Amino acid sequence: MQDLTEGVARFQRDVFPAKAELFAHLATNHTPDTLFISCSDARVVPELITGTEPGDLFVIRTAGNLVPAHTPGADGVAASIEYAVAALGVKDIVVCGHSACGAMTALAEGHDLSRAPAVADWLRHADASVARTAAGDVPALVRQNVLAQLANLATHPSVAKALAEGRTALHGWVYDIPTGRVENLTAPVLAA
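Residues numbered from 1 in each chain as written. Predicted model: local features only at pLDDT ≥ 70, side-chain atom pairs only at ≥ 80, totals over all residues. Heavy atoms only, no water.

Asker: What is the right way to look at the overall build of the chain in this model?
Answerer: Along the backbone of the chain there are 10 helices and five strands. Against the globule reference of 16 Å for 192 residues, the chain gives a C-alpha radius of gyration of 18 Å, in line with a compact fold. When burial is assessed residue by residue, the chain has 35% of its 192 residues classed as buried. For the chain, contacts bridging at least 24 residues in sequence account for 65% of all contacts bridging at least 6. For the chain, the computed accessible surface area is about 10500 Å², with 58% contributed by carbon and sulfur atoms. A distance of 1 Å separates the average location of the 13 positive side-chain charges in the chain from that of its 20 negative side-chain charges. (Helix = DSSP H or I, 4+ residues; strand = E, 2+ residues; numbered from the N terminus. Rg over C-alpha atoms; globule rule 2.2 N^0.38 Å. Buried < 20%, exposed > 50% of the residue type's maximum accessible area, 1.4 Å probe, protein only. Contact = heavy atoms within 4.5 Å. Areas by Shrake-Rupley, 256 points an atom, 1.4 Å probe, with all protein chains shown as cover. Lys, Arg positive; Asp, Glu negative; His and termini not counted. Charge placed at Lys NZ, Arg CZ, Asp CG, Glu CD.)

Structure representation (structure tokens):
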């Protein structure tokens, strides 16, 4: 906790004053261009990877960067997606997987998740990706999972409507932690 409180002090002393105008603007304006869906993994920092400022990204982080297909009822991920698309009008949606993903490793290698039943239940949202990938191939599963989550996104009514009207575009990325490279899985599909 000491590291966090020292970090807050550095932020208040060094970062905030240097960006005071930006934060004053953000106090009354919330207009991100991009919904960025990534893994909860602490090694994946969307703003750092993309070089963006506060206010540029609307970020959803879930274990395995999973996006459940739309179903009726209350769902925090669905509510965040709907808000970003319908209320904020984001132009781009990125699903970003990453190397050495613990969730995808557990699935690819068939880890026993009986001691983590909530995790096991959540990871069932990747069942289609697992079925399409050879056992043990974590990098392939990471990629297949990103593509599957893009398909799941398209089942959300707000996303489907924005896609049909040409107001938003979907992008699938994989971030490689040791090299810093970002692979765009959808570039060939979306290139004009």
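Asker: Please clarify how the pairing of strand β4 (residues 169-175) should be interpreted in this entry.
Answerer: Strand residues, when the strand is regular, have side chains that alternate between the two faces of the sheet. For β4, a buried count of five out of seven residues is recorded, marking the element as mostly surrounded by other parts of the structure. Summarising the sheet, strand β3 (residues 92-98) and β4 pair through seven bridges and their orientation is parallel. Within β4, the position partnered with Gly97 by the bridge is Val174. Summarising the sheet, β4 and strand β5 (residues 182-184) pair through three bridges and their orientation is antiparallel. (Pairing = 2+ DSSP bridges.)

Asker: Any chance you could explain the sheet that holds β5 here in plain terms?
Answerer: Strands pair in a sheet through their backbones, by hydrogen bonds, and they do so in one of two ways: parallel or antiparallel. With respect to topology, five strands assemble into an open sheet ordered β2-β1-β3-β4-β5, the strand pairing being mixed. Only two strands of the sheet have a single partner each, and these edge strands are β2 (57-62) and β5. Strand-to-strand, the axes of this sheet are offset by a mean angle of 25 degrees, without reference to chain direction. Sheet topology note: the strand β1 (residues 34-39)/β2 ladder contains six bridges and is parallel. Residue pairing across strands places Phe36 opposite Val59, the latter belonging to β2. Running at roughly 165 degrees to β2, helix α4 (residues 76-87) makes contact with β1, β2 and β3 of the sheet. (Axes fitted to C-alpha atoms, helices over the stretch in contact; angles between N-to-C directions.)

Asker: Can you walk me through unusual backbone geometry in this structure?
Answerer: Working note: non-glycine residues mostly have negative phi, and peptide bonds are mostly trans. Its identity as a non-glycine residue notwithstanding, Asn65 has a phi of 45 degrees, on the positive side. Following the sequence through the fold, Asn65 ends up in the loop between β2 and α4. Using a relative accessible area of 2% as the deciding quantity, one classes Asn65 as buried. With a phi close to 55 degrees, Ala100 is a non-glycine residue in the positive phi region. Relative to the assigned elements, Ala100 resides in the loop between β3 and α5 (102-108). The partly exposed category is assigned to Ala100, whose relative accessible area is 48%.

Asker: Just checking my understanding: could you explain α4 for this structure?
Answerer: The periodicity of an α-helix, 3.6 residues per turn, causes residues three or four places apart in sequence to face the same way. For α4, with 12 residues, the first-to-last C-alpha span of 15 Å sits near the 16 Å given by 1.5 Å per residue. All buried positions along α4 are accounted for by Val77, Ala78, Ile81, Ala84 and Val85. Along the axis of α4, the buried residues cluster in a sector spanning 135 degrees; they form a single face. Summarising the geometry of α4, the exposed residues directed more than 90 degrees from the buried face are Gly76, Ala86 and Ala87. Looking at the packing, one finds that the buried side of α4 touches β1, β2, β3, α6 (117-123), α8 (138-153) and α9 (157-164). Two or three places before Val77, at the opening of α4, Asp75 has a side-chain oxygen 2.8 Å from that residue's backbone nitrogen. Gly89 sits one or two positions beyond α4 and adopts a positive phi of about 65 degrees. (Expected span 1.5 Å × (residues − 1). Arc of directions from axis to C-beta. Polar contact = N/O pair within 3.5 Å; in protein donor to acceptor, adjacent residues only side chain to side chain.)

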